[in-house]
Amino acid sequence: MIPELGHFTLILALCLAITQAVVPLVGSYTRTISWMAASRSLAWGQFVFLAISLAILTYAFLGNDFSVIYVAQNGNTKLPDLYKISAVWGAHEGSLLLWACMLAAWSVAIAAFSRNLPLEMVSRVLSVMGMVSIGFLLFMLLTSNPFDRTFPAPFEGGELNPMLQDPGLAIHPPLLYMGYVGFSVAFAFAIAALMGGRLDGSWARWSRPWTTIAWVFLTLGIVLGSWWAYYELGWGGWWFWDPVENASFMPWLIGTALMHSLAVTEKRGAFKSWTVLLAISAFSLSLLGTFLVRSGVLTSVHSFAADPERGVFILMFLLVVIGGSLLLYTWRAPYISGGGRFDLVSRETFLLGNNLLLAVFAALVLLGTLAPLIYDALELGKISVGFPWFNRMFLLTTPFLALLMGVGALSHWKHAEPSLFVKQLRVAFIISLLFGLLSLLPVFSAGNWLVGLGMGLAMWVASSHLVNVRDRLKNKRGFAGFWLDFKTGGRSYYGMILAHLGVAVFIVGITLVSNFGREEDVRMSPGDVSEIAGYNFTFEGVTQVSGPNYNASRGRFQVSKDGEHVATLEPEKRAYFVKTMPMTEAAIDWGLTRDLYVSLGEPLGGGDWSLRLYYKPYVRWIWLGGFLMGLGGILAVTDRRYRTSRMRSAKTADTANAAPAVSGG
Amino acid sequence: MRTFFLTLMFLLILPSSHASTLAEYTFDEPGKAEDFRTVTEEMRCLVCQNESLAGSNAELAVDLRNEIYDMMKAGRNKDEVIDFMVSRYGDFVLYRPPLKPSTYPIWFGPLIVFLIGGVVLFRILKRKSLTRETKLSTDEQHRLDDLLEQSTDPRDNNQ
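Residues numbered from 1 in each chain as written. Chains lettered and ligands numbered in written order. Predicted model: local features only at pLDDT ≥ 70, side-chain atom pairs only at ≥ 80, totals over all residues. Heavy atoms only, no water.

Trainee: Could you clarify how one ought to interpret the packing of helix α5 (residues 92-112) of chain A against helix α7 (residues 167-196) of chain A in this entry?
Mentor: Angle between the axes and distance between the axes: these two values describe a pair of packed helices. Residue and element names in this part refer to chain A. Interaxial distance between α5 and α7 falls to 9 Å at its minimum, and their mutual angle equals 50°. One way to sum up the angle between α5 and α7 is to call them oblique. Considering only the axes of α5 and α7, their crossing is right-handed. The segment α5 lies against α7, with Ser 95, Leu 98, Trp 99, Met 102, Leu 103, Trp 106 and Ile 110 engaging Pro 174, Tyr 177, Met 178, Tyr 180, Val 181, Gly 182, Ser 184 and Val 185. (Axes fitted to C-alpha atoms, helices over the stretch in contact; angles between N-to-C directions. Helix = DSSP H or I, 4+ residues; strand = E, 2+ residues; numbered from the N terminus. Parallel < 35°, antiparallel > 145°, perpendicular 65-115°, else oblique. Left-handed = near helix turned anticlockwise from the far one by under 90°. Contact = heavy atoms within 4.5 Å.)

Quick look at the structure:
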C-alpha cells in the first residue's frame, strides 16, 4: 500500500507541474497577479509531493520491501543502511526520482529567495522549471516507474552494484545532479528573459548566484567522482575520458564559460546573446549527460542502466527542450541590444577569449564523445576515440586558458592600458619563466618540456593573481585591511582569486603525476620486497576476511623508506555474495606530496600474487585544486551584495527560513 | 616530429582500468616491455565496457594479451602488432583513431573548430570597437540603480 502512495504522489506532482508550467505563464501575459503568485505555492506543492515520494522509496529500501521491483533489483537485507539509502539513487528509476526531486528543490529555492524579483519574472522562471519537470515526471511514470510491483515478491533482493558500495559514491550522484539540475535555473532565467524580451544587467545579476551555486555542486561532484574512480577502481588513474565522465565535464566547461560571461553581462551589459546561448547549452548538455548515461547508447563503465526505449523518450525530450529554446532564441536574438563598447585590450576581450576557448574545448569533447556513435550511424566503420586523442585536445586548449587567466583577472573593464599591464605582470612573467626553466634541469625533469610548460603555467596563474591581490591591498593596512576588505564586499573578488589559484594547484597536480608517476606490475611471494621510487614494499601475504555482504582476500604490506617504516597497507579483493564480480579495494597511504598505492591482482598459486604498485606524486593536488575552485565559488555567492538582497527579501518572505538553498538573487 | 608526438603521448598516458596486472609478461630486450604496455593500454578490450586490454580481466582480453605477447616475443615490433590487431578487429580496437581519410574529421575537425572560434572572436572584437557606447533607457537605469543601491562592492562602481 505504501509504495502505491509514492506512486500516487508522483502523479500528483505531475499534475502540479503541469499547472505550474501553464498558469503562471498565462498569468504573466494577461497580468493576472493571482495566477502569477500561484507559481510559488505550486512549486512548494510539487516539492512536498516529490519529497514524500522519495521518502517512501527510501522507506521501501530500509524495510526490504522486495515486492517493489526496483528495490528487489537493487536492495538486499544484508546491505548496510548507508548503502540501502544510496541504493535509492543507485540505478536508473531512483536516480530520476532524485533528479525530479532536486528540480523541485531548486524551484522552491527560487520561490523562497526571489522576493525582490519582479513577480512576472518569478512566474515565468518557475513556469519554465515546471515544463522541465513535466518532462522528467512523464518519463518516470511512462517508462521508468520506481514503484512498479512484482508478485510474488522475491525472498531476497539483488544488490546495489558493488562498485557503488562506497561512501564516496553515496554522495557523488546527488552532488552531480544538484549541479546538472542547477543549470536548469540559469536556463529558466534565460528563457524567461527571452520571453519578456528583457535581457539586461539585472537579469544577469539575478541568475549569477544561482549559476555559481550550480557550478559549485557540479565541480565538487566531478572532483568526488574522479577521486572515487582513483581509489575504488584500483587502476591508479583519475580520469579516463569515459563518455560518462565527459557527460559531466561538458556542462562544467560551458557552465564555467557561463559564469564568466554573466559577469560581463552584469557589469558591462555586453555579450547578452552569447550568455543566453551558453545558459541554453549548459542545461542542454546536462540533459544530454543524463541521456548518455541512461540510454545505454554508449558502452561505458558507468552505464549501469541501459534501455533503448527510454533513450528514445529522452531523445524526444532533448529535441523539444533544445529545439524549442533555440527557436525562441533565434526569434528574440535580433532584438537583443549590443551592450557597451570596449577596446581590444580590456577585460571584456580576455573574458571573451576565455569563453571561446572553453566553448571550443566543450565542442571538442562533444566531438570525441559522439564521433563513434556518428560513425556507426553513418556506417563509416566502428571506431574508438579514447584518452590519447582527448589528452591531446586538452594540451591544445588548456595552456591558452591558463595564459589568459593571468591577464584577464588583472585587466580593467572597457579599456586596459597595455603599458600598465606590462609593468604589473613583468615580475610574474619572469618568475614563471624561470620556474618553468628550472623544472627542466637534469635534477628535476631533465628537459621534459611538458613539465616545464605545466610548472611555468601554474606559476604564471599563481603569481599573476598574487600580484593582483597585492595591488588591491596596496592602500590597505596589513591583515586588518585585508579582513575589512574581505568583509565589506570583497568576497566575490577573493572567491575568484581562490578558484583561480585552485586551477594553478590543479595544473601542478596533473603535471607532476602524469610525468613522474611510477607504476610497477610485480609478482610477489610472502616475504618479497619490491622497490618503487625509493619506497620498499614488503609483502606479508594474504588472509581471508569477511564483511557484511562479501568475502575478501586482504593483503598486508609494510612500506619503508631508507629503513624507516612509512605505512602499513592492506588492499583487498572482494567477492560480493549476490553480484559475484570481484572488486578491488586499493590501499593508499596518502600524502600532500605523494600517494603510495597498492592493489591486488590475481592469486598465482603458492601464496604468490600479482600486484600493482604505484607511486603518485602530488596526485592529491588535482582534487585539492578542484576543491579550491568549489570553495572559491562558495565565497563568491556569499558576497555581501547577495546577502543584502536576501536580507531585504527575508523581510517579506515568510517561507525563506525553511528552504534549502544557500543564497538568493 | 613523429617521435616528438609519440613521446608526448607516452608521457600523458593514463594507466587504465581495473587491477589486472602485467607482471607475467617479461621481455629480454630493453624497451620491449614498455612497448607491450603501450600497445595493450591503447587497445580496447572488445567485450568490456571501456576497459583497455592491459587492464581487463575478461577472457578475451587475457587471450589477446597472450597473443600480443607471443608476437612481440617472436620479434615483431609495435606497428606490426597494431596492424595485425586492426586487420582482425578493425579500428574499433584502437583508442587512438588511425589517421586516414575517414578519420580526417576527428583529427582535423578540431582545427576547424578552433578556426571558427578565432573568426567569431575577431568579428565580435571588430564590431565592438566600431560601435558607440549604448545608453540604458531611463526605465532600465532606474531599475539598475535600485538594484545597486546597497552595494558597496568597489567593482560595482566601475572599476
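Having put the structure on the table, let's press on.
Trainee: Whenever I open this one, the environment of Thr143(A) confuses me. Can you help?
Mentor: Residue and element names in this part refer to chain A. For Thr 143, the location among the structural elements is in helix α6 (residues 119-143). By relative accessible area, Thr 143 is classed as partly exposed at 29%. Separated by 263 residues in the primary sequence, Thr 143 and Gly 406 have C-alpha atoms spaced 49 Å apart. Every residue in contact with Thr 143, bar those within four places of it in the chain, is listed here: Leu 138 and Arg 310. Looking at Thr 143, its side chain comes within polar contact range of the main-chain oxygen of Phe 139, at 2.9 Å. Side-chain polar atoms of Thr 143 contact the side chain of Ser 144, separated by 2.7 Å. (Buried < 20%, exposed > 50% of the residue type's maximum accessible area, 1.4 Å probe, protein only. Polar contact = N/O pair within 3.5 Å; in protein donor to acceptor, adjacent residues only side chain to side chain.)

Trainee: Explanation requested: the nonpolar core in the structure shown.
Mentor: Nonpolar side chains in soluble globular proteins tend to end up buried together. Grouped together as the largest cluster of nonpolar side chains are 186 residues, with contacts concentrated most on Leu50(A), Trp106(A), Met121(A), Leu137(A), Phe189(A), Trp203(A) and Trp241(A). It is α7(A) that provides the largest number of residues to this core, a total of 18 residues. Filtering out sequence-adjacent residues up to four positions away, Leu137(A) remains in contact with Leu10(A), Ala13(A), Leu14(A), Ala17(A), Gln46(A), Leu50(A) and Ala100(A). Counting residues in each nonpolar core, the second largest holds 18 residues, with Phe27(B), Met43(B), Met72(B) and Met85(B) among its members. (Core = buried A, V, L, I, M, F, W, Y, C linked by side-chain atoms within 4.5 Å.)

Trainee: In this structure, what is going on with the packing of helix α2 (residues 33-62) of chain A against α5(A)? I would like to understand it.
Mentor: Residue and element names in this part refer to chain A. Their axes nearest at 8 Å, the elements α2 and α5 cross at an angle of 150°. Taken together, the axis directions place α2 and α5 in an arrangement best described as roughly antiparallel. Here the hand of the crossing between α2 and α5 comes out left-handed. Here α2 contributes Arg 40, Ala 43, Trp 44, Gln 46, Phe 47, Leu 50, Ala 51, Ser 53, Leu 54 and Leu 57 to the contact with α5, which in turn contributes Gly 94, Leu 97, Leu 98, Ala 100, Cys 101, Ala 104, Ala 105, Ser 107, Val 108 and Ala 111. By residue class, the composition of the contact of α2 with α5 is 15 nonpolar, four polar and one charged. (Nonpolar A, V, L, I, M, F, W, Y, C, P; charged D, E, K, R; others polar.)

Trainee: Hey, could you run me through the sheet that holds strand β9 (residues 594-605) of chain A in this one?
Mentor: By definition, the strands of a sheet pair up through backbone hydrogen bonds, in either a parallel or an antiparallel sense. All names here are of chain A. Reading across the sheet, the four strands line up as β1-β10-β9-β8 and stay open at both edges, with antiparallel pairing between neighbours. Edge positions in the sheet fall to β1 (518-524) and β8 (587-589), since each of these pairs with one other strand and no more. Ignoring which end each strand starts from, the neighbouring axes of this sheet average 20° apart. As defined by bridge partners, β1 adjoins strand β10 (residues 608-617) across seven bridges and the pair is classed as antiparallel. Bridging from a neighbouring strand, Glu 519 pairs with Tyr 614 of β10. In the packing of helix α16 (residues 478-516) onto the sheet, contacts are made with β1 and β10, and the angle to β10 comes to roughly 140°. (Pairing = 2+ DSSP bridges.)

Trainee: Looking at this structure, I do not really get the side chain of Thr369(A). What am I missing?
Mentor: All names here are of chain A. Mapped onto the elements of the fold, Thr 369 is located in helix α12 (residues 347-377). Only 3.1 Å separates the side chain of Thr 369 from the side chain of Asn 246, close enough to count as a polar contact. There is a polar contact of 2.5 Å between the side chain of Thr 369 and the backbone oxygen of Val 365.

Trainee: Can you walk me through the pairing of strand β5 (residues 564-569) of chain A in this structure?
Mentor: Strand residues, when the strand is regular, have side chains that alternate between the two faces of the sheet. All names here are of chain A. As judged from the five bridges shared by strand β4 (residues 550-561) and β5, these two strands associate in the antiparallel manner. Across the sheet, the residue bridging to Gln 558 is Thr 568, located in β5. Where β4 hands over to β5, the hairpin turn is made up of two residues, of which Asp 562 adopts a positive phi near 50°.

Trainee: Which parts of the structure should I look at to understand helix α8 (residues 201-232) of chain A?
Mentor: Because the α-helix completes a turn every 3.6 residues, residues three or four places apart line up on one side. Residues and elements named next belong to chain A. In a regular helix each residue adds 1.5 Å, so 32 residues correspond to 46 Å; α8 covers 46 Å between its end C-alpha atoms and thus fits that length. Of all bends in α8, the biggest is about 30°, found at Arg 208, and the proline Pro 209 comes one to four residues later. Judged by how many residues are buried, α8 sits mostly within the fold: 29 of 32 residues are covered. At the exit of α8 stands Gly 234, carrying a positive phi of roughly 70°. (Expected span 1.5 Å × (residues − 1). Bend = angle between axes of the 7 residues up to and from the residue.)

Trainee: Help me understand the pattern of salt bridges, please; the structure alone is not making it clear to me.
Mentor: Two side chains bearing opposite charge may form a pair once their charged atoms approach each other closely. According to the stated counting rule, one finds 28 salt bridges over all chains in the structure shown. When the shortest N-O distance is used, the salt bridge between Arg149(A) and Glu4(A) registers 2.7 Å. Taken together, the residues span a long stretch of sequence, with Arg149(A) in the loop between α6 and α7 and Glu4(A) in helix α1 (residues 2-30) at a distance of 145 residues. In this structure Glu4(A) comes out as partly exposed when scored by relative accessible area, which is 35%. In the salt-bridge network here, residues are joined through shared partners; they are Glu519(A), Asp521(A), Arg612(A), Arg37(B) and Glu41(B). (Salt bridge = Lys/Arg side-chain N within 4 Å of Asp/Glu carboxyl O.)

Trainee: Explanation requested: the environment of Arg88(B) in the structure shown.
Mentor: Residue and element names in this part refer to chain B. Within the secondary structure, Arg 88 is located in helix α4 (residues 78-89). Among the residues examined, Arg 88 registers a relative accessible area of 39% and is labelled partly exposed. Spatially, the C-alpha atoms of Arg 88 and Lys 100 are 18 Å apart, while their sequence positions differ by twelve residues.

Trainee: How should unusual backbone geometry be read in this particular structure?
Mentor: Leave glycine aside and you will find that most residues have negative phi; peptide bonds, for their part, are mostly trans. All names here are of chain A. For the peptide bond that leads from Phe 151 to Pro 152, omega is -5°, which places it in the cis range. With respect to the secondary-structure elements, Pro 152 resides in the loop between α6 and α7. Its identity is not glycine, yet Ala 533 carries a phi of approximately 50°, on the positive side. With respect to the helices and strands, Ala 533 occurs in the loop between β2 (529-532) and β3 (535-546). The phi dihedral of Asp 562 falls on the positive side, at around 50°, and the residue is not glycine. When you line up the elements, Asp 562 lands in the loop between β4 and β5. Exposure remark for Asp 562: the relative accessible area of 70% places this residue in the exposed category.

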